[in-house]
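# Examining the three-dimensional arrangement
So you can see what is in the structure, the chains are spelled out below.
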Amino acid sequence: MDRAIVLLSGGIDSAVTLWWAKAQGWDAQPLTFDYFGRPKREHTAIEALVKRAGVRAIRTVSLPFLKEVDDLRSGGLANPALEASPEGYIPARNLIFYSLAAYFAELDGTKYLVGGHNGIDPESFPDASPKFFDHLNQVFRLSLWSFEKSPVQVLVPLSGKSKEDVLRMGRDLGVPLELTWSCYWDRDVPCGTCVSCRERRHAFRALGLRYPLRYEGGATPGSAHPRQTLTSTACSLPPEVIRT
């Protein structure tokens, strides 16, 4: 049986990817990264998804130094070009994540690294594009000592798919979407106003599916992102990007 490391964030895309890897008959090992300010609700979602999927225990790598550009603005950005970077951007995020995944893959003899990046992600994040992963696979070929006998390959099964396509795929695979968490905020229920919540709600409506979670009272799609409306909070706010 082939082994696969599945990068899991707790969101819909990565959950669908985990179920897709299971459907291939592979021995799936979930991998996640605990970076600066990551919502605890994502970890709760991951634990629930892993338990429901019946796969290996989650492997977590702590990366406290890894921060979104938004979290660095208050101290000033040494690179002024980053002022225009998209919300949620972390420099070289996926290069770091997949390099660490390749490290474990070579040690474990794992053949596939599976990520949940949909067709929308590359519009904002260059390290979520098919071109990036094509080149990354070439880097692994050149950099992993045992590659010729034990190759490692990144697979992105959601590439080119819309959020609606991903939801449809998740429905067909029987993914427990009610266990996933997409909101940028760490709250009892999703805010309903952040970009990720709005994308999620729109996709459910487009497919005519019943939304499995309730939102905070008074939340309406189209409102400003919480970073733009709240000046202080006890919550953390990175988006799900492996989010993806």
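Bear in mind that the values here come from a model prediction, so they are computed numbers and not experimental data. (Residues numbered from 1 in each chain as written. Predicted model: local features only at pLDDT ≥ 70, side-chain atom pairs only at ≥ 80, totals over all residues. Heavy atoms only, no water.)

### Here we look at the side chain of Lys163
What counts is decided by this rule: Strands here are runs of E lasting at least two residues and helices are runs of H or I lasting at least four, both read from the DSSP assignment and numbered beginning at the N terminus. For every residue, the accessible area (1.4 Å probe, protein chains only) is compared with the maximum for its type, and the residue is labelled buried under 20%, exposed over 50%, or partly exposed between those bounds. Polar contact criterion, stated in full: a pair of N or O atoms within 3.5 Å, where within protein one must be able to donate a hydrogen and the other to accept it, and residues adjacent in sequence count only if both atoms are side-chain atoms. Two residues form a contact once any of their heavy atoms are found within 4.5 Å.
Mapping Lys163 onto the fold places it in helix 5 (residues 163-173). The class for Lys163 is buried, based on a relative accessible area of 10%. A distance of 3.2 Å separates a polar atom in the side chain of Lys163 from a polar atom in the side chain of Asp13. Apart from residues no more than four positions distant in its own chain, Lys163 is found in contact with Asp13, Asn118, Ile120, Glu199 and Ala203.

### Brief notes about the sheet that holds strand 2 (residues 27-35)
What counts, and what does not: Here, strands pair whenever DSSP counts at least two bridges between them. Every angle, taken between N-to-C directions, lies between 0 and 180 degrees, and every axis is a line fitted to C-alpha atoms, over only the stretch in contact when it is a helix.
Taken in spatial order, the five strands make up an open sheet running 3-2-1-4-5, and their pairing is parallel. Both outer strands of the open sheet, strand 3 (59-63) and strand 5 (153-155), are each paired with one neighbouring strand and no more. Ignoring which end each strand starts from, the neighbouring axes of this sheet average 25 degrees apart. Relative to strand 2, strand 1 (residues 3-7) runs parallel, the two sharing five bridges. Across the sheet, the residue bridging to Val6 is Pro30, located in strand 2. Set on the sheet, helix 1 (residues 12-23) makes contact with strand 1, strand 2, strand 4 (112-114) and strand 5; between it and strand 1 the angle comes to about 170 degrees.

### Considering the confidence of the model for the protein chain
Short version of the rule: For every residue, the predictor reports its confidence as pLDDT, a number between 0 and 100.
On average, the protein chain scores 86 in pLDDT, and the residues at 70 or more come to 86%. Predicted confidence is poor over residues 218-244, with pLDDT under 50, and the contacts of this stretch with residues over four places away or in other chains come to 84 contacts.

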